[in-house]
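Now for the letters of each chain:
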Amino acid sequence: MGPLLRCVSFFVLPFLIPQSAHGGASMTNLLSNGGFEDAADGIPVGWTYSGPAARQDETWPEGGAHGGVRCVRFAARTDRQAWTSERVPVQGGMPFRLEWWTLLAGSIPWHWTTHTGFIGVRVTFFDAAGDRCGITERRIRSIGTDGWVRCWLDVNPAPEASSCTVSLVCEAEIETDGTIAFDDVALMPAGTIQTPAGW
């Protein structure tokens, strides 16, 4: 990708490219149930919801997923919501890559306004004592996507990190028709990733 395309990618939606289905999820995935298909007690196994309890079910719809039948989908409302993975072990100082597929829709660029908290992904690292020792996050900025697109975020945990969680976050303070969906989320050692040719 040339310098101009790199600049456009940064300001529109960082690390976002079209790719065939299940592009990155076939590698070794440290996350459990990154496709949100496995369920227990009415929620995806390995993930915890935070936000208004009455809205939990709508954020884990059946149908319209990138792979399988389930995904995480947030609609812009006046609240803060997230799905967070269970903690997974990592090796401190070793680079990782978080991959996911996303789909954005809506007639208004709702998460570009001053009324938005954070829309995107967040990786939180913990040391052996369970104390937080670092955060890496990627704010998603886009008015929409042409179908599902593949995204990634390179993360470099501190040397003392021994585990991490991945959070898919939607914080909004206005109500619009905007939606953002996540699917096929994978966390992998950086060396196992194959970046598509030309990028």
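(A) Expanded view of the overall build of the protein. On a plain count of helices and strands, the protein comes out with 1 helix and 13 strands. Of the regular secondary structure in the protein, the N- to C-terminal order runs α-β-β-β-β-β-β-β-β-β-β-β-β-β. Taken over 199 residues, the protein has a buried fraction of 47%. Here the contacts in the protein between residues at least 6 apart in sequence split such that 79% fall between residues at least 24 apart. Here the protein has roughly 9300 Å² of accessible surface; of this, 54% comes from carbon and sulfur atoms.

(B) Region of the structure containing the environment of Glu 37. In this fold, Glu 37 is placed in the loop between strand S1 (16-17) and strand S2 (39-40). C-alpha of Glu 37 to C-alpha of Ala 65: the two residues are 28 residues apart in sequence and 10.0 Å apart in space. In contact with Glu 37, other than residues within four places in its own chain, are Gly 67, Gly 68, Val 69 and Arg 70. One polar contact links the side chain of Glu 37 to the main-chain amide nitrogen of Arg 70, over a distance of 2.9 Å.

(C) Main features of the pairing of strand S6 (residues 79-85). With 5 of 7 residues buried, S6 lies mostly within the body of the structure. Pairing analysis gives 4 bridges linking strand S4 (residues 47-50) to S6, with the strands arranged antiparallel. Counterpart to Thr 48 in the pairing with S6 is Thr 84. Sheet topology places S6 next to strand S12 (residues 161-172); 6 bridges connect them, and they run antiparallel. Bridge pairing links Arg 80 to Glu 171 in S12.

(D) Structural context of the side chain of Arg 150. Take Arg 150: it is sitting in strand S11 (residues 149-155). In this structure Arg 150 comes out as buried when scored by relative accessible area, which is 1%.

(E) Looking closely at the nonpolar core. Residues Leu 98, Trp 100, Leu 168 and Phe 182 are the most contacted members of the largest nonpolar core, which totals 33 residues. Taken together, the elements giving at least two residues each to this core come down to S4, strand S5 (72-75), strand S8 (96-105), strand S9 (116-127), S11, S12 and strand S13 (179-189). When residues of this core are assigned to their parent elements, the largest contribution, 5 residues, is made by S12. Those residues within four positions of Phe 182 in sequence are excluded, and the remaining contacts are Phe 36, Cys 71, Val 72, Phe 74, Trp 100, Trp 101, Thr 102, Gly 120, Val 121, Ile 140, Trp 148 and Leu 168. Within the second largest apolar cluster, 5 residues are counted, among which are Ala 65, Cys 71, Trp 101 and Trp 148.

(F) Spotlight on the side chain of Glu 99. Within the element layout of this structure, Glu 99 appears in strand S8. Residue Glu 99 is classed as buried on the basis of its relative accessible area of 2%. Only 2.5 Å separates the side chain of Glu 99 from the side chain of Arg 150, close enough to count as a polar contact.

(G) Broad picture of unusual backbone geometry. One non-glycine residue, Asn 33, adopts positive backbone phi at about 60 degrees. As for its placement among the helices and strands, Asn 33 is situated in the loop between S1 and S2. A positive phi angle is found at Asp 41, which is not glycine, with a value near 55 degrees. Mapped onto the fold, Asp 41 is located in the loop between S2 and strand S3 (43-44).

(H) Structural detail: the environment of Ile 119. Its location among the elements puts Ile 119 in strand S9. On the basis of relative accessible area, Ile 119 is assigned to the buried category, the value being 1%. When the C-alpha atoms of Ile 119 and Cys 170 are compared, they prove to be 4.6 Å apart, with 51 residues separating the residues in sequence.

Reading guide: rules and limits
- Residues numbered from 1 in each chain as written.
- Predicted model: local features only at pLDDT ≥ 70, side-chain atom pairs only at ≥ 80, totals over all residues.
- Heavy atoms only, no water.
- Helix = DSSP H or I, 4+ residues; strand = E, 2+ residues; numbered from the N terminus.
- Buried < 20%, exposed > 50% of the residue type's maximum accessible area, 1.4 Å probe, protein only.
- Contact = heavy atoms within 4.5 Å.
- Areas by Shrake-Rupley, 256 points an atom, 1.4 Å probe, with all protein chains shown as cover.
- Polar contact = N/O pair within 3.5 Å; in protein donor to acceptor, adjacent residues only side chain to side chain.
- Pairing = 2+ DSSP bridges.
- Core = buried A, V, L, I, M, F, W, Y, C linked by side-chain atoms within 4.5 Å.

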